[in-house]
Amino acid sequence: MKHDQPELIDALAAEYVLGTLQGAARRRFERWRAESWHIDRRVETWDGRLIALAMGLTPLAPAPAVWQGIEEKIRLLEASRPAVERIRRPRVALRALAAALVLCAIVGGGFVAWRMTESLSLQPVATIKGAQGPVVWSIELDVRHQRLRAVALAGAVARPGHSFELWALPGGNAAPVSLGILPDAGQLERTLSQRQWSALAQAGKVAVSLEPLGGSPTGAPTGPVLYVAEHKKNA
Amino acid sequence: MPHSDPQNADAELERLIGACAAHDRQALRSLYDLIAAQMLGCMVRILKRRALAEEALQDVFVSIWQRAAQFESGRGRARGWLMSIARHRAIDVLRSERADLYREADVNQVPEPAAEAAGDWASAGRSAAALARCFQELTGEQRRGIELAFINGYSHADIARVTGEPLGTIKSWIRRGLASLRRCLET
């Protein structure tokens, strides 16, 4: 794609939105769109420009079965991903277990102390959300095992061919350091390298960018930064 | 359904999209009640077959449920964002092999855009006023080509068949029409 030809890009975006860009050209343009935030914006612009043409068409009430179909599809979708509730349940169970262990501790047991240490080793890192939207991810750190846990809470879905990537922002002139890909749903855990661990320890903030599938190919953010959040150690 | 107060209507749609991002199923139902009929009107026009359009409409609402967190609020374009998802889905289905089974038989049976297709500028928000003004600056052929493509989902070849003009002429109408629109909208 010749990214230095804005008029060509704009013309293709217009024909894509119009629907007259077809076949292999349409598929190729969709790939370029997935790779370039700039092209995506041009498509959005043309969508916004032309959509008024479709606003005046006579509305047609859908059959009742349509809503039933939507509910069923969403039910299957939710069932196929680790739902938030299912992620939270183990936490509730852990708390109950901790309480039980504390009770047992009255009788005495080193095991209790071990469990408590486990629980205390989990520290919040960041709550990632838009200016007005819900929390999208909760980031936690298992200090004891130097592992990062990212929990998807609001069903963020990257565009096809893209991934969300988390970055530590050490501040000053230091470059962002990747902390890995974020999940669209459910949770991901990974052990941090020493470099990642140090960068996160120094970071005042973390950020999320949209990257090609699998993460930035350069080691630095290449896509738009979608979210920035305070590192909770500063809170 | 066009709303008497576009700004309030858009604010309500925006609020509901935000609630969908928080996994509020009732909000999705409310969104459906507000806009599904308008979406289906647009999608049937493109897909020609109601059953095909209703199936695609289901995918649209599943997509809204999944993508609600990505909507950038505060830009006053909730209706446009929702309608674009519906329209793109209809175009995707139309261009798929499955829809090809239907299209050839149907394309000559669909009425040309009538007065209703001239755009509902009021319900489309502020940017629509600019489009209305710029649309009037196009030639009749350019307007017709763009409307047939956007509203009916016609390809260049479909438009050539309907109008009886050569394919190259149709491509030129549309290309020049879009370029004129862009120049007009950016000044």
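Our structure's up above, just so we're on the same page.
Because the structure is a prediction, the values reported are computed rather than measured.

Calculation criteria
Residues numbered from 1 in each chain as written. Chains lettered and ligands numbered in written order. Predicted model: local features only at pLDDT ≥ 70, side-chain atom pairs only at ≥ 80, totals over all residues. Heavy atoms only, no water. Buried < 20%, exposed > 50% of the residue type's maximum accessible area, 1.4 Å probe, protein only. Contact = heavy atoms within 4.5 Å. Buried area = accessible area lost by both parts, 1.4 Å probe. Salt bridge = Lys/Arg side-chain N within 4 Å of Asp/Glu carboxyl O. Polar contact = N/O pair within 3.5 Å; in protein donor to acceptor, adjacent residues only side chain to side chain. Helix = DSSP H or I, 4+ residues; strand = E, 2+ residues; numbered from the N terminus. Nonpolar A, V, L, I, M, F, W, Y, C, P; charged D, E, K, R; others polar. Arc of directions from axis to C-beta. Pairing = 2+ DSSP bridges. Axes fitted to C-alpha atoms, helices over the stretch in contact; angles between N-to-C directions.

Caption draft 1: Fine view of unusual backbone geometry. One non-glycine residue with positive phi stands out, namely H23(B), at about 65 degrees. Look at H23(B) and you get partly exposed, because its relative accessible area is 28%.

Caption draft 2: Quick peek at the interface of chain A and chain B. Contact residues are listed per partner, giving 53 residues for chain A and 67 residues for chain B. In total, about 5400 Å² of surface goes out of reach between chain A and chain B, with carbon and sulfur atoms giving 62% of it. By the criterion of area lost to chain B, the three top residues of chain A are L53(A), M55(A) and W67(A), representing 14% of everything that side buries. If you look at where chain A meets chain B, you find five salt bridges. Where D59(B) meets K73(A), a salt bridge forms, and the shortest distance between an N and an O atom there is 2.9 Å. The tally of links between chain A and chain B comes to 13 residue pairs in polar contact (both at pLDDT 80 or more). For the side of chain A that touches chain B, the secondary-structure elements that each account for two or more residues are α1 (6-18), α2 (23-35), α3 (37-50), α4 (52-55) and α5 (64-79) of chain A. Residues belonging to the side of chain A that touches chain B are distributed by class as follows: 29 nonpolar, nine polar and 15 charged.

Caption draft 3: Broad picture of helix α8 (residues 194-202) of chain A. All names here are of chain A. Regarding α8, the residues found buried are Q196, A199 and L200. Buried residues of α8, seen end-on, are gathered within an arc of 95 degrees and therefore sit on one face of the element. α8 presents Q194 and Q202 as exposed residues on the side facing more than 90 degrees away from its buried surface.

Caption draft 4: Spatial organisation of the sheet that holds strand β2 (residues 135-142) of chain A. All names here are of chain A. Read across the sheet, four strands follow the order β1-β2-β3-β6 without closing on themselves; strand pairing throughout is antiparallel. Both edges of this open sheet fall to β1 (122-129) and β6 (187-191), since each of them pairs with a single strand only. Averaged over all pairs of adjacent strands, the angle between strand axes in this sheet comes to 15 degrees, irrespective of strand direction. As paired strands, β2 and strand β3 (residues 147-152) are joined by six bridges and run antiparallel to one another. Bridge pairing in β3 places E140 opposite R149.

Caption draft 5: Broad picture of the sheet that holds strand β5 (residues 177-182) of chain A. All names here are of chain A. The strand order across the open sheet built from four strands is β5-β4-β7-β8, with neighbouring strands paired in antiparallel fashion. This sheet does not close on itself; its edge strands, each paired only once, are β5 and β8 (225-230). Between one strand axis and the next, the sheet turns by 25 degrees as a mean value, whatever way the strands run.

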